[in-house]
Amino acid sequence: MADADWLNNINLLLYRIQQNDKLALKELYGFAGGKLLAIIVRIVKDREEAEDTLQEVFIKVWEQSNKYSGRGSAWGWLCVLARHSALDRLRSLNSHPHSSIHDDEEWLEGLFEADNASTTHSINRCLGHLKEQTRKSILMSFVYGHSHGEVSSELSVPLGTVKAWIRRGLQELKQCLAV
Amino acid sequence: MSGSLRYRNELICDHLASQYVAGAMTFRVRARMESLLAVTPELDRAVAFWADQFSVLHEQLPAEVPENKTWEQIDRRISVLDAHEQSASNSWWQSLLLWRVAGIGGMMTSFLLAMFLLLPSISPSPQITGGANYVATMSAHNIDKAEIQFVISAYKKQGDTPSRLHVQWSQGHIDKKGDQSLHLWAEDKDSGEMVYIGLQPAQEQAWDLDKPSWLAVANSSRLLMTSNTNVPDSLNTVFSGPCVQLTAWQS
């Protein structure tokens, strides 16, 4: 799991934002703004659009923080909010300029190396156990925001195959994460 | 029981949750999913599971450095939003001030107008005869010795008249009612499960209940009013009160 103190801080900041504490929003921005921008850039790619999307995300956090039910981590909720906002921005631009998974090859390889400290994270370990094409499809979908159709074009495999890879991959991941 | 049972199926929950977290839903489907999340804990749990798992990957992404102007623009936009809220609140106070200085004639007019508007809601619907079957006395949530602000009376189905709820504000608190949307929940007296009844009608009117909602009220130990459709918690619960069953009047 991610650093527990870091996650707790995010939880506390979101709680304060729910109480209309504007300073907490600024602290959250300093604390997690860069990470959220990294998520958005993977999907939107255009830097200016990504910065505008980050703005939208923080306005939504300010206005809709009460939508966070407290189930799961606040960081997980923020990631989903950032990804949805980035995908909405892409759709409104009517374009598909996702970053390519190849741009991050070094980072991705590091995630699944057996002697890397990051494999202490269950999700890294379990993704590492999946077949390469399955892992790639899941990462393209869940990190880079590609639709199944886009994954199918990128990997030059039929759409049905991509859907099956992702569905089976998620089942295997869930089983592995439960161990 | 509210919501469809199929959203409680583990496989369906898991599939929908992973689609939601991946962002593979259209805007409209996502909005529908979000309203389901508020009333289907199983679905909400499945979303939290996948969101948490993939958030670990996102947390490992090398952070980017946002431009300074991004925060400045966020700060400016929030200040504008707050100013709008403040000005809306100020104009409300100003309108109250006008009422205050309007003199006795104005007060009398207001009083008569209030009586005129309140009478239909205070009087039970002519189609319902007999007293309420259940009553919940509602006060501000989590405040010790809070005053009762309004009463919810529940009337059982009679003939063609469906089961109904009436919300009746205390005369001393009618001005606190405001325009806020309130959502009603019933807490099951045995399991403690929260059952969503629905959004309170905007006007002072009877609130018709279908059979599952009526049973939820009848089996509840407590009714709660929340500010949104999320399951009641300490943040979104505005009013709560014990729900008691009344015996019939003995002649």
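The residue count restarts for each chain, going from 1 along the sequence in the order it is written. In the order they appear in the text, chains get letters beginning with A and ligands get numbers beginning with 1. Per-residue local features are limited, in this predicted model, to residues with pLDDT of at least 70; the limit for side-chain atom pairs, both in listing and counting, is 80 or more; totals at the level of whole chains, interfaces and linings are taken over all residues. Think of the side-chain values as coming from all heavy atoms in the structure, minus any hydrogens and water.

Undergrad: Could you clarify how one ought to interpret the packing of aromatic side chains in this entry?
TA: To describe a pair of aromatic rings, you give the distance between the ring centres and the angle between the ring planes. Each aromatic pair joins two rings of Phe, Tyr and Trp (for Trp, the six-membered one) with centres within 6.5 Å, and gets the label stacked for planes under 30 degrees apart, edge-to-face for over 60, and tilted for any other angle. Counted according to the given criterion, the structure contains eleven aromatic pairs over all chains. Their ring planes at 80° and their centres at 4.9 Å tell us that A:W6 and A:W75 sit as a pair that is edge-to-face. Placement of A:W6 in helix 1 (residues 4–18) and of A:W75 in helix 4 (residues 74–93) is noted, with a sequence separation of 69 residues between them. Assessed through its relative accessible area of 13%, A:W6 is described here as buried. Judged by centre distance (4.2 Å) and plane angle (15°), the ring pair of A:F142 and B:F54 falls under stacked. A residue pair is termed interchain when its members come from two chains, as with A:F142 in helix 7 (residues 132–142) and B:F54 in helix 3 (residues 41–60). For each residue, the accessible area found with a 1.4 Å probe, counting protein chains only, is set against the maximum for its type, and the residue is called buried under 20%, exposed over 50%, and partly exposed in between. Owing to a relative accessible area of 1%, B:F54 belongs among the buried residues under this scheme. Only DSSP runs of H or I covering at least 4 residues are called helices, and only runs of E covering at least 2 are called strands; the numbering of each starts at the N terminus.

Undergrad: What's the story with the state of the cysteines in this structure? I'm lost.
TA: Here, the word disulfide means a covalent bond between the sulfur atoms of two cysteines. Residues and elements named next belong to chain A. Note that a disulfide, as used here, is simply two cysteine sulfur atoms within 2.5 Å. If you walk through the whole model with that rule in mind, you get one disulfide over all chains. A sulfur-sulfur distance of 2.0 Å marks the disulfide that ties C126 to C176. Residues C126 and C176 are joined through a disulfide that is left-handed, its torsion about the S-S bond being -80°. Separated by 50 residues along the polypeptide, C126 in helix 6 (residues 122–129) and C176 in helix 9 (residues 159–178) bring together distant segments of the chain. Residue classification places C176 among the buried residues on the basis of a relative accessible area of 14%.

Undergrad: Mind showing me how you'd approach the interface of chain A and chain B here?
TA: A common measure of how large an interface is: the accessible area buried when the components associate. Residue contacts are defined here by distance: any two heavy atoms, one from each residue, within 4.5 Å place the two residues in contact. Chain A puts 60 residues into the contact, and the matching count from chain B is 50 residues. As used here, buried area is the combined drop in accessible area, with a 1.4 Å probe, of two parts when they are placed together. Buried area between chain A and chain B, both sides added, is near 5300 Å², and the carbon and sulfur share of it is 60%. Salt bridge, as applied in this entry: a Lys or Arg side-chain nitrogen positioned within 4 Å of an Asp or Glu carboxyl oxygen. At the boundary of chain A and chain B, one finds seven salt bridges. We note a salt bridge from A:R71 to B:D44, for which the minimum N-O separation is 3.0 Å. Polar contacts here mean pairs of N or O atoms no more than 3.5 Å apart (in protein, one a potential hydrogen donor and the other a potential acceptor; neighbouring residues in sequence count only if both atoms are side-chain atoms). Our enumeration of links across chain A and chain B arrives at 25 residue pairs in polar contact (both at pLDDT 80 or more). Element by element, the count of residues in the side of chain A that touches chain B is highest for helix 2 (residues 22–44) of chain A, at twelve residues. Three classes are used, and their members are as follows: Ala, Val, Leu, Ile, Met, Phe, Trp, Tyr, Cys and Pro are nonpolar, Asp, Glu, Lys and Arg are charged, and the others, Gly among them, are polar. Of the residues in the side of chain A that touches chain B, the class split is 29 nonpolar, 16 polar and 15 charged.

Undergrad: I keep staring at the environment of B:L61 and nothing clicks. Help me out?
TA: For B:L61, the position within the fold is in the loop between helix 3 and helix 4 (68–101). Not counting the four nearest positions on each side in its chain, B:L61 is found in contact with A:K35, A:A38, A:I39, A:R42 and A:W107.

Everything listed is a geometric property; what it means functionally is a separate question.
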